[in-house]
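One letter stands for each residue in the lines below.
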Amino acid sequence: MSCFKSKFADELIANAAYIGTPGKGILAADESTGTIGKRFASINVENVESNRRALRELLFTTPGALQYISGIILFEETLYQKTASGKPFVDVMKEAKVLPGIKVDKGTVELAGTNGETTTIGLDGLGERCKKYYEAGARFAKWRTVLKIGANEPSQLAIHENAYGLARYAVICQENGLVPIVEPEILVDGSHDIEKCAYVTERVLAACYKALNDHHVILEGTLLKPNMVTPGSDSKSKVKPEVIAEHTVRALQRTVPAAVPAVVFLSGGQSEEQATVNLNAINQLKGKKPWSLTFSYGRALQQSTLKAWGGKEENVEKAQKAFLARAKANSEATLGGYKGDAQLGEGASESLHVEDYKY
Amino acid sequence: MSSLTTKFADELIANAAYIGTPGKGILAADESTGTIGKRLSSINVENVESNRRALRELLFTAPGALPCLSGVILFEETLYQKSSNGTPFVDILKEGGVLPGIKVDKGTVELAGTNGETTTQGLDGLGDRCKKYYEAGARFAKWRAVLKIGQNEPSELAIHENAYGLARYAVICQENGLVPIVEPEILVDGSHDIHKCAAVTERVLAACYKALSDHHVLLEGTLLKPNMVTPGSESAKVAPEVIAEHTVRALQRTVPAAVPAIVFLSGGQSEEEATRNLNAMNQLKTKKPWWLSFSFGRALQQSTLKTWGGKEENVKKAQEAFLVRCKANSQATLGAYKGDAQLGEGAAESLHVKDYKY
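As a starting point, this report considers the structure included with it. Being a predicted model, the structure only gives us computed values, none of them experimental.

**Observations regarding the overall build of chain B**
Item 1. Of regular secondary structure, chain B possesses 12 helices and 10 strands.
Item 2. Relative to the globule expectation of 21 Å for 358 residues, the C-alpha radius of gyration of chain B, 19 Å, shows essentially globular dimensions.
Item 3. Over its C-alpha atoms, taken along the principal directions, chain B stretches across nearly 50 × 50 × 40 Å.
Item 4. Of all 358 residues assigned to chain B, the portion counted as buried reaches 64%.
Item 5. For chain B, long-range pairs separated by at least 24 residues make up 81% of all intrachain contacts whose partners lie at least 6 apart in sequence.
Item 6. In the form shown here, chain B has an accessible surface area of approximately 13,200 Å², with 51% of it arising from carbon and sulfur atoms.

Following this line, the structure appears as structure tokens:
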């Protein structure tokens, strides 16, 4: 066969297509314990299990929000947690027709002999873990690789290692019924212009799809989670959403096969409003776009919600309203229909860029 | 820059898109002197320049034919020939809204240590040749790479060599204003089934697009000329709809949307088969972000050749046969072929020659 024969093929294809349903996208709520700790610290909340549970309950039970969400990526701990009234989170999601997803990578390690470039680990025993997650209700997975732009970066080694790691992860997921999100994030850090980002993005994506082909991955049963094509964070040039849209879509047209059902962008440090406006511009662009173009946002969906909550029970309703506003705005953006009128919660225009961001 | 910076970028993009105009396609009339000799001998015609010229004049001046074509691939000799009243062929084509193309490869040679696999030559001095051809009026080029399916074929070496040769040829063309047709033909020879052909086609095309990316080729200014995905020549035939499904799926899995058009080779299919299969592809309801058209040689000329037989008095009848196939394929690019083309003698005849060498 052109791809390997997975007994899960039909299910993978259906689930991947569902995630790309127009009007819906992914909430990335898979912050590791360490990372969520940093978020909590910024709002003076203690990093204990009950608080982590409370935050996720706040998000998943927001009235009216889940209709805009096709999937939620979870950290392992959250996959097994329940609401205060004892209902498993995965059941809350399933009832609202939201697919549970699971982060399966184990972070990055440096590649010897490079200038701080990394590869992602987590392949050992991955098949067994995927089986377990599938049994617990997960239907898709996520694995983040990281590349950076520099004088000599990304190197051929870094591109190759990360691309082939992603491909191996992807086929193991498919063998076990999980749709793999392929995430080759090129960090926004740097003073390069948008053309440089475009060049690197095209090179990286071409390598990814060659690796996926070599590993016999069923493209119809995958998703891509790339960075948008933008100037570097230290660049003097600020460009309009339409320019970001043009460069981003062109890069995808040059590298992403039509068999891929959906591209779910990462927000990578953009503010909530920027991430929505850029996604909107991408969907308004006239040109060949044989994949759904939607969101897989973490910070860009939760920032103002976190600030409104502050860890306090009495703020839950206010925080949920903030979350609903962003979820709805991004849903409109997937249809190219966002009018820029989402009530900007506190912090919605705030850049979420943290240099050399480690999850 | 993501792709090479060529002063010809806009022109390349416009010409590549034009070739994919719905309702049009390419006539591959680039048979080398040796190859056209085989065709001519099959109709008892002497292989001399005047006959080669006469055949091409017959095709290019066939009333009503040029509107069905967006490009014609020529052999070098033909690029400089004229009609009997002295009009250069390239002018006839240009006046008819047809882009002249030029075959630039120099045939295949065997790869040492393989089981008869080949690579294509022609890179030496290619840049200068392209310049010359552009000056003579050519606006696109063609380079044929050949792979075969066998127990251990195509090998990783054969795929790599042919893909990287194609990519190098492609970027040299673009530097000199010619739209490169990328042709990785996987021969139909063999007893394999359609699934095997699909697997090999996907592997080969993925390698090609990786090579094109590595060489900074501007995809919007290229064309792809692949085989359709079919069972091997010694294997049972399948319906056009099945060929269409497997072919389009293979393309969806490998060919970026930036490529404006895919112009299929006919590879030994009869005139009628080639048309029906193309038609079925264009009727298929699924994602197809590139135009799907033809670049046919034998499958456009077979019945024309037989009707002509080298005789002046048969020219008109032969031109009518040619027009029939042109119109049929034009309709096929729109998914509108009704199977009612008057079948000229030989239209349903398989044109498969084992281990075909151009």
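Having seen it, we continue.
**Points about the interface of chain B and chain A**
Many authors give the size of an interface as the accessible area that is lost as the parts come together.
Item 1. In this assembly, 28 residues from chain B lie in contact with 25 residues from chain A.
Item 2. Interface area, chain B with chain A, both sides summed: about 2,100 Å², of which 57% is carbon and sulfur.
Item 3. Where chain B touches chain A, the interface holds two salt bridges.
Item 4. Note that Arg253 of chain B is salt-bridged to Glu220 of chain A, the shortest N-O span being 2.9 Å.
Item 5. The interface formed by chain B and chain A holds 12 residue pairs in polar contact (both at pLDDT 80 or more) in total.
Item 6. Mapped onto the side of chain B that touches chain A, the elements with two or more residues apiece are helix H8 (194-214) and helix H9 (240-252) of chain B.
Item 7. Ranked by the residues each element gives to the side of chain B that touches chain A, the list is headed by H8 of chain B, at nine residues.
Item 8. Class assignment for the residues of the side of chain B that touches chain A results in 14 nonpolar, seven polar and seven charged.

**Some thoughts on the pattern of salt bridges**
Item 1. One pass over the full model with this rule turns up 40 salt bridges over all chains.
Item 2. Salt-bridge contacts for Glu332 of chain A lead to Lys328 of chain A; the nearest nitrogen and oxygen are separated by 3.5 Å. Separated by four residues within a single helix, Glu332 of chain A and Lys328 of chain A lie in helix H12 (residues 316-334), roughly one turn from each other.
Item 3. You can call Lys328 of chain A partly exposed: its relative accessible area is 39%.
Item 4. A salt bridge links Arg144 of chain B to Glu183 of chain B, with the shortest nitrogen-to-oxygen separation between them at 3.9 Å. Of this pair, Arg144 of chain B sits in strand E6 (residues 140-147) while Glu183 of chain B sits in strand E7 (residues 179-186), and the two are 39 residues apart along the sequence.

**Here's the deal with unusual backbone geometry**
Backbone phi values are negative for most residues with the exception of glycine, while trans is the configuration of most peptide bonds.
Item 1. Of the consecutive residues Glu153 of chain A and Pro154 of chain A, the connecting peptide bond is found in the cis state with omega at 0°.
Item 2. In this fold, Pro154 of chain A is placed in the loop between strand E6 (140-147) and helix H7 (156-175).
Item 3. Along the chain, Glu153 of chain B connects to Pro154 of chain B via a cis peptide bond; the corresponding omega equals 0°.
Item 4. Locating Pro154 of chain B in the fold gives a position in the loop between E6 and helix H7 (156-175).
Item 5. The phi torsion at Asn44 of chain B lies on the positive side, around 55°, for a residue other than glycine.
Item 6. When you line up the elements, Asn44 of chain B lands in the loop between helix H2 (33-42) and helix H3 (49-60).

**A closer look at helix H11 (residues 298-308) of chain B**
Residue and element names in this part refer to chain B.
Item 1. The element H11 is extensively covered by neighbouring structure, given that 10 of its 11 residues are classed as buried.
Item 2. Buried residues of H11: Arg298, Ala299, Leu300, Gln301, Gln302, Ser303, Thr304, Leu305, Thr307 and Trp308, and no others.
Item 3. Backbone geometry just after H11 places Gly309 at a positive phi near 55°.

Parameters and conventions
Residues numbered from 1 in each chain as written. Chains lettered and ligands numbered in written order. Predicted model: local features only at pLDDT ≥ 70, side-chain atom pairs only at ≥ 80, totals over all residues. Heavy atoms only, no water. Helix = DSSP H or I, 4+ residues; strand = E, 2+ residues; numbered from the N terminus. Rg over C-alpha atoms; globule rule 2.2 N^0.38 Å. Buried < 20%, exposed > 50% of the residue type's maximum accessible area, 1.4 Å probe, protein only. Contact = heavy atoms within 4.5 Å. Areas by Shrake-Rupley, 256 points an atom, 1.4 Å probe, with all protein chains shown as cover. Buried area = accessible area lost by both parts, 1.4 Å probe. Salt bridge = Lys/Arg side-chain N within 4 Å of Asp/Glu carboxyl O. Polar contact = N/O pair within 3.5 Å; in protein donor to acceptor, adjacent residues only side chain to side chain. Nonpolar A, V, L, I, M, F, W, Y, C, P; charged D, E, K, R; others polar.

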